[in-house]
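# Structural overview
Here is how the chains run, residue by residue.
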Amino acid sequence: MAAADRSSSIVEYFGGEAGYRCGYCKNVTGNLSHGMWAHSMTVQDYQDLIDRGWRRSGKYVYKPIMNQTCCPQYTIRCRPLHFQPSKSHKKVLKKMLKFLAKGDSSKVAGDVTEEPMDSHREDALACSFVLKNESDISQSELKPLSVEETERVETDDNNEEEEMKKEVTMKKVESEPPQTCVDKDSAGSSERSDSAKLVHTTPKPGKGADLSKPPCRKAKDIRKERKLHKLLQNQPHTLEGSPSQVEPPVLLSQNSKSKANQPKSLEDFIFVSLPDDATHQLEVRVVRSSPPSCQFKATFQESYQVYKRYQMAIHKDPPDKPTISQFTRFLCDSPLEAENPPSGPDCGYGSFHQQYWLDGKIIAVGVIDVLPYCVSSVYLYYDPDYTFLSLGVYSALREIAFTRQLHEKASELCYYYMGFYIHSCPKMRYKGQYRPSDLLCPETYVWVPIEQCLPTLEHSKYCRFNQDLKAVDEGCIKELGRVRVLHKRTVMPYCMYKKRRKGPSDEASVQQYASLVGQTCSERMLLFRS
């Protein structure tokens, strides 16, 4: 996307915030961040900003002051092209398929460990920062009359544990008395003792295990046996359910169906056919939220009611807190401009709501931004009646699959951003389970595999992940005079604005802004000055 093809982003910088309440450690004034109001923003500018640690909530864009805030928040991204679902992820996917096919809402057998939090996007509300109200600047002031700059800067910008399936050989499963221990490696060559062949007799109460009953077995062994049994059948798999797709479809070839020597992919679990007599039907719709599409407007009230119920049940908000205006400002308003280039994804770039429709009603909504290099997750809310489906985990997996779909058309779009990873808050560490994933170095803004970051985070909540001590921020501000400014509807470089400005100098504030957004964005975005 060439810079000439886009309008300019217009931002109003607020500087460093006074400390506010932290939603993670509950420190009253410990959460510190820089912030700016985005009157408008191109998707490329926002992509570059989140690659420098920024994140939006509505039209408010903020960046934690990492070395001062009580709970450092590290930008985390997953690499979907190499993602393989873990065992816990597969349990959630199977649970959804079982529910769709049979209406079974019980927990999966042996599922004793769930993800710490169902909703995987709690960042904006948990921060509890006060959202800035849009400034009283008239829209006419934000429309440039002329451009006095002559130069325009353009820029280009299976770690996951796999479940290995062994070759299957037919073996009888024999019950053995618990007293007989046979080494698995020598089971085929060693002879069983005669005591193993004795007729079992029921012991007296308190005198040992009842050998007339099957011996106790670990759930892990039972799962392995079931898996082995399925592989022995060697039949084409037919899973129980399939969400009806409105997302760009994934074309699965015959070879993509699971084989005995290959683990199932994420798509094998998601895009499967429901039986004709399925109890439920799930449909996922992607609707543009800004500017609001016809589909978004038609479903606004229903979507808001799900949000209100979610906030009251999950976050314990009083009924008068999740208002329509708060919902709109927080999850519907977006500064991102919609773009639909021919080489981009079919849905285009910008802000969307990914709606989950169960039997004709909305049960969950994932708020996402589709950017040049990634799908960025903003928030998730769902109907509390369906908490048992682990919709936070399920929606994250669907968004990873959605990123893969978009990548087929837009090859540069290959990452899934999950917001912030907060190691100092144990309940927020679950984001690190979507691997392979990387954390953003807060000093040099390079991506580092999370496995390399965790040891240092165990010793210090604030860390520089880049091990090259000589490395610096390559995108740092080099020429302050080249920062673009919008003043009295006129676009000019800061060096020219500085000469025209009356009153006290604002150079320190502009210097701070430019250092945080980087040289590229500072020369491309318009910094509003009154």
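Parameters at a glance
- Residues numbered from 1 in each chain as written.
- Predicted model: local features only at pLDDT ≥ 70, side-chain atom pairs only at ≥ 80, totals over all residues.
- Heavy atoms only, no water.
- Patch = residues over 30% accessible without salt bridge, like charges linked within 9 Å, V, L, I, M, F, W, Y side chains within 5 Å.
- Areas by Shrake-Rupley, 256 points an atom, 1.4 Å probe, with all protein chains shown as cover.
- Salt bridge = Lys/Arg side-chain N within 4 Å of Asp/Glu carboxyl O.
- Lys, Arg positive; Asp, Glu negative; His and termini not counted.
- Charge placed at Lys NZ, Arg CZ, Asp CG, Glu CD.
- Helix = DSSP H or I, 4+ residues; strand = E, 2+ residues; numbered from the N terminus.
- Polar contact = N/O pair within 3.5 Å; in protein donor to acceptor, adjacent residues only side chain to side chain.
- Contact = heavy atoms within 4.5 Å.
- Expected span 1.5 Å × (residues − 1).
- Core = buried A, V, L, I, M, F, W, Y, C linked by side-chain atoms within 4.5 Å.
- Buried < 20%, exposed > 50% of the residue type's maximum accessible area, 1.4 Å probe, protein only.
- pLDDT = per-residue confidence, 0-100.
- Pairing = 2+ DSSP bridges.
- Phe/Tyr/Trp six-rings, centres within 6.5 Å; stacked < 30°, edge-to-face > 60°.
- Arc of directions from axis to C-beta.
- Axes fitted to C-alpha atoms, helices over the stretch in contact; angles between N-to-C directions.
- Parallel < 35°, antiparallel > 145°, perpendicular 65-115°, else oblique.
- Left-handed = near helix turned anticlockwise from the far one by under 90°.

A contiguous patch of positive charge, built from Lys 87, Lys 218, Lys 220, Arg 223, Lys 224 and Arg 226, is present on the exposed surface. Among the elements that line the positive patch, the one with the most residues is helix H4 (residues 219-233), at four residues. Along the chain, Lys 220 falls in helix H4.

Here the focus is the side chain of Asp 473. As for its placement among the helices and strands, Asp 473 is situated in the loop between helix H10 (450-459) and strand E15 (484-487). Polar side-chain contacts of Asp 473 include one of 2.8 Å to the side chain of Arg 52. Residues in contact with Asp 473, not counting those within four places in the same chain, are Arg 52, Glu 443, Thr 444 and Tyr 445.

To continue, consider helix H7 (residues 300-314). Between its first and last C-alpha, H7 extends 21 Å over 15 residues, near the 21 Å set by a 1.5 Å rise per residue. Of the residues one or two after H7, Lys 316 is the one with positive phi, at around 60 degrees.

On to the nonpolar core, then. By size, the foremost hydrophobic cluster in this structure holds 115 residues, and its most contacted members are Met 36, Tyr 381, Tyr 434 and Tyr 513. Per-element accounting of this core gives the leading share, nine residues, to helix H9 (residues 391-409). Discounting residues that sit within four places of it in the chain, Tyr 434 has contacts with Cys 78, Phe 83, His 89, Val 393, Ala 396, Leu 397, Ile 400 and Met 418. Core analysis: the next-biggest nonpolar cluster, separate from the first, contains seven residues, Ile 137, Leu 142, Leu 486 and Val 491 among them.

Glancing now at the confidence of the model for the protein. For the protein, per-residue confidence averages 81 on the pLDDT scale, and residues scoring 70 or more make up 73% of the total. Segment residues 235-245 is flagged for pLDDT under 50; beyond a separation of four residues in sequence, or across chains, it makes 39 contacts in the model. Every residue in residues 248-258 scores below 50 in pLDDT, and together they form 14 contacts with partners more than four places removed in sequence or on other chains.

Our next topic: the pairing of strand E10 (residues 361-370). Counted residue by residue, E10 has nine buried out of 10 residues, so it is predominantly covered. With nine bridges joining them, strand E9 (residues 350-358) and E10 adopt antiparallel strand pairing. Residue pairing across strands places Phe 352 opposite Ile 368, the latter belonging to E10. Between E9 and E10, which pair antiparallel in sequence order, lie two residues; one of them, Asp 359, sits at a positive phi of approximately 50 degrees. Where E10 meets strand E11 (residues 374-382), seven bridges bridge the pair, whose relative direction is antiparallel. Residue pairing in the sheet places Val 367 in a bridge with Tyr 379 of E11. Hairpin connection of E10 to E11: three residues between the antiparallel strands.

The subject of this paragraph is the packing of aromatic side chains. Inspection of the entire model under this criterion finds 19 aromatic pairs. For the ring pair Phe 327 and Tyr 381, a centre distance of 5.9 Å and an interplane angle of 85 degrees mean the geometry is edge-to-face. With Phe 327 in helix H8 (residues 324-332) and Tyr 381 in strand E11, this pair connects stretches of sequence that are 54 residues apart. Residues Phe 330 and Tyr 379 carry aromatic rings whose centres are separated by 5.2 Å and whose planes lie at 65 degrees to one another, so their mutual orientation is edge-to-face. Of this pair, Phe 330 sits in helix H8 while Tyr 379 sits in strand E11, and the two are 49 residues apart along the sequence. For Tyr 379, a relative accessible area of 0% gives the class buried.

Looking now at H8. By the burial criterion, the buried members of H8 are Gln 326, Phe 327, Phe 330, Leu 331 and Cys 332. Considered in projection along H8, the buried side chains sweep an arc of 165 degrees and stay on one side of the axis.

Further remarks concern the environment of Tyr 310. Mapped onto the fold, Tyr 310 is located in helix H7. For the pair formed by Tyr 310 and Pro 384, sequence separation is 74 residues and the distance between their alpha carbons is 5.9 Å.

What follows concerns the packing of helix H1 (residues 43-50) against helix H12 (residues 507-524). Look at H1 against H12: their axes get within 10 Å of each other, and the N-to-C directions meet at 160 degrees. Relative to H12, the element H1 lies roughly antiparallel. Crossing of H1 against H12: the hand is left-handed. Within the contact between the two elements, H1 uses Gln 44, Asp 45, Asp 48 and Leu 49 and H12 uses Val 517, Thr 520, Cys 521 and Arg 524.

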